[in-house]
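Okay, here's what each chain looks like letter by letter:
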Amino acid sequence: MQKTELKPSYYDQFTCIGGACEDTCCAGWRIDIDKKSYQKYKNEKNPEIKDALKKNIQRNRQGQNDLQYGKFKLDPDGKCTMLDEENLCTIQKTLGEKALCHTCTIYPRQNIQINQTFEKSLDTSCPEAARLILLNKNGIDFIEDEADIPTFSFNYLEQQDEIRDYFWVNRMFMIQVLQNRTHPIELRLLLIGLYMKKLESLPLKARYKQAEKLVATYLPLASDPELPEMFKEFKPNYVKHQQLAKYFLKSFVAYSERFRLVAGLAFEEKDLQKTDIFENTQTFESFIKKYRPIYKNHEEIQMVLENYLVNLIFSSYHEKKSQDVLAFFSYLTIQFVLLRLLIIGNINKLQMNEDDLVTMIQAFSKAGMHNNHYIPTSLELISLTGYSKISQAIHILVL
Ligand code: SF4
């Protein structure tokens, strides 16, 4: 059977900008080494590099699979210890591109083969990729084509027909709703939340059967002028937002200097002690109410959030046993809510032009989305006893 490839139209425009990069991927986070490369590095015979390799790599005992078997040691500035004085990779320089480990070869590409389709996308933690993804004025579109022989390795996911159909229906629904600009981004997410709540109420087998019918009911609502009416009783939960902001912007220890800078600036207000914002819910609420109108009416903010979410759905939702669409919706929601806090928290001091928005989202993506504890802790923070997971996610969307 002919294999196909599916990718956002920005994908082929990407090239690494190397030395011109403002936040290189060789610094600021853990750099994983897959098991095969790790063993190759440990046994390397080339006298020019073998000692450095032995010294600068180590096992990653917390790794969750063979791709996270080892890691490069970082210097005190958080830079990979295999870089030379000119910030060039000594592995690539000495042993060639083929000697790079899996992470360094594919980054920032995210590749997965689902049945006969190679799906390709990019990750917003790379600044150059983030620009291509986020600044699509008319929204991200996708290209389907015959597949070339893959030059990168792809993770493989086999989906049975029933799951494959369910996956496509859910993914198309989420993307179509998010790209329908009739209503603000919160309302689009709330509409997706309503659909998820309906799915949640059904047994698994019934979800597979009924998803398509449900989409036929819920999708037209994305263009319905009455949609805001459906959510008018929903009120923001400022206590939860404050808890999230406190964890995310004050307590979270990120390697990334860029993230620390934007997080450190957030929720600073003249004549106001920062502690008041994080400790006093009324002060926090006043801050949000004061700046919320600017956030809601800002076209570029709406655009980058839409593109971020669409890219996340395409690259990260895959419908397999351990990650079904309901868990994915909570994951999507928490990312949106944290990003929104970062943006609103900085709205009184940054211009929120394209550069500011790309910097914030790229820093957020690099610091938070590549950290194993970050999202699970955030999800715990929004837990409300007596509510289903989807209700919790819907609750936190309202602002
Ligand atoms: S972060 Fe992206 S643009 Fe920067 S060095 Fe890495 S791959 Fe290249």
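Residues numbered from 1 in each chain as written. Predicted model: local features only at pLDDT ≥ 70, side-chain atom pairs only at ≥ 80, totals over all residues. Heavy atoms only, no water.

1. What about the domain arrangement of the chain?
Note on interface size: it is often stated as the accessible area lost on association of the parts.
Move 1: By domain assignment, the chain separates into domain 1 (26-106) and domain 2 (230-397).
Move 2: Listed as interface residues are 5 residues of domain 1 and, on the opposing side, 5 residues of domain 2.
Move 3: Summing both partners gives a buried area of about 540 Å² for domain 1 against domain 2, and 56% of it is carried by carbon and sulfur.
Move 4: Looking only at domain 1, the three residues that lose the most surface to domain 2 are Gly28, Trp29 and Arg30, adding up to 70% of its buried area.
Move 5: Linking domain 1 with domain 2 are 0 salt bridges.
Move 6: The interface formed by domain 1 and domain 2 contains 1 residue pair in polar contact (both at pLDDT 80 or more). (Domains from an automatic or database assignment. Contact = heavy atoms within 4.5 Å. Buried area = accessible area lost by both parts, 1.4 Å probe. Salt bridge = Lys/Arg side-chain N within 4 Å of Asp/Glu carboxyl O. Polar contact = N/O pair within 3.5 Å; in protein donor to acceptor, adjacent residues only side chain to side chain.)

2. Notes on the sheet that holds strand 3 (residues 57-59)
Move 1: Pairing in this open sheet of 3 strands is antiparallel, and the strands run 2-4-3 from one edge to the other. Whereas interior strands pair on both sides, the edge strands pair on one side only; in this sheet they are strand 2 (32-33) and strand 3.
Move 2: This element, helix 1 (residues 35-42), spans strand 2, strand 3 and strand 4 (70-72) of the sheet and lies at about 125 degrees to strand 3. (Pairing = 2+ DSSP bridges. Helix = DSSP H or I, 4+ residues; strand = E, 2+ residues; numbered from the N terminus. Axes fitted to C-alpha atoms, helices over the stretch in contact; angles between N-to-C directions.)

3. So, the environment of Asp51
Move 1: Structurally, Asp51 can be placed in helix 2 (residues 50-56).
Move 2: Each C-alpha atom of the pair Asp51 and Tyr41 lies 9.9 Å from the other, and the pair is 10 residues apart in sequence.

4. What to know about the environment of Leu199
Move 1: Looking at the secondary structure, you find Leu199 in helix 7 (residues 185-200).
Move 2: For the pair formed by Leu199 and Met369, sequence separation is 170 residues and the distance between their alpha carbons is 27 Å.
Move 3: If we ignore the near neighbours within four places in the chain, the residues touching Leu199 are Tyr166, Asn170, Arg207, Ala211, Leu214, Val325 and Leu326.

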